[in-house]
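# Geometric and topological summary
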Amino acid sequence: MSRKIHTNNAPAAIGPYSQAVVVGNLIFTSGQIPLNPETGVLEGENITEQTHRVCKNLEAVLTAAGGKLTSTVKTVCFLANMEDFAAFNEVYAQYFTEKPARSCVAVKELPKGALVEVEAVAEKE
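This one's a predicted model, so the numbers in the text were calculated from it and none came from an experiment.

Definitions and cut-offs
Residues numbered from 1 in each chain as written. Predicted model: local features only at pLDDT ≥ 70, side-chain atom pairs only at ≥ 80, totals over all residues. Heavy atoms only, no water. Helix = DSSP H or I, 4+ residues; strand = E, 2+ residues; numbered from the N terminus. Expected span 1.5 Å × (residues − 1). Buried < 20%, exposed > 50% of the residue type's maximum accessible area, 1.4 Å probe, protein only. Contact = heavy atoms within 4.5 Å. Pairing = 2+ DSSP bridges. Axes fitted to C-alpha atoms, helices over the stretch in contact; angles between N-to-C directions.

### Some remarks on helix α1 (residues 47-65)
Between its terminal C-alpha atoms α1 stretches 27 Å, which fits the 27 Å expected from 19 residues at 1.5 Å a residue. Buried within α1 are the following residues: Ile-47, Gln-50, Thr-51, Arg-53, Val-54, Cys-55, Asn-57, Leu-58, Ala-60, Val-61, Leu-62 and Ala-65. Considering only its buried residues, α1 is in contact with β1 (2-5), β2 (20-23), β3 (26-29), β4 (72-79), α2 (85-95) and β6 (116-123). Positive phi shows up at Gly-66, right after α1, with a value of about 95°.

Okay, structure coming up:
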């Protein structure tokens, strides 16, 4: 049986989905873009600022679900421009210190014109 997660500390879903779903001991987050949870507005002018916001949003969702960034086992990262890869990695490494498995791809476009989106799978603490 699964449990849907919602926290006001991360942006509300902008579509028909949950911020995360817990199944057994695993947390599956939806992709987080750099929306400010208080305003619902895109935050950050560049990949560095937007990646910080995305990681903070993921941290809030994982915490609400009983996990942590350090309990993340896999991330999937979407970049609007692969030229942002190095700058993205610099910020990402500050948050995902346990180096989970990861995929990172460039996509044609992200919701709301975001430069980055990240989803995660984590274990409950």
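There's plenty left to go through after this.
### Some words on the side chain of Arg-53
Here Arg-53 is to be found in helix α1. Sequence-distant contacts of Arg-53, that is, excluding residues within four places in its chain, are made with Pro-34, Leu-35, Asn-36, Pro-37 and Glu-43.

### Focus on the sheet that holds β2
If you trace the six strands from one edge of the open sheet to the other, you get β1-β2-β3-β6-β4-β5, paired in mixed fashion. Bordering the open sheet on either side are β1 and β5 (101-106), each of which pairs with just one other strand. The average angle at which neighbouring strand axes cross in this sheet is 15°, direction not considered. Seen against the sheet, α1 touches β1, β2, β3, β4 and β6 and runs at an angle of roughly 30° to β6. On top of the sheet, α2 reaches β4, β5 and β6; it is set at about 150° to β5, its chief contact.

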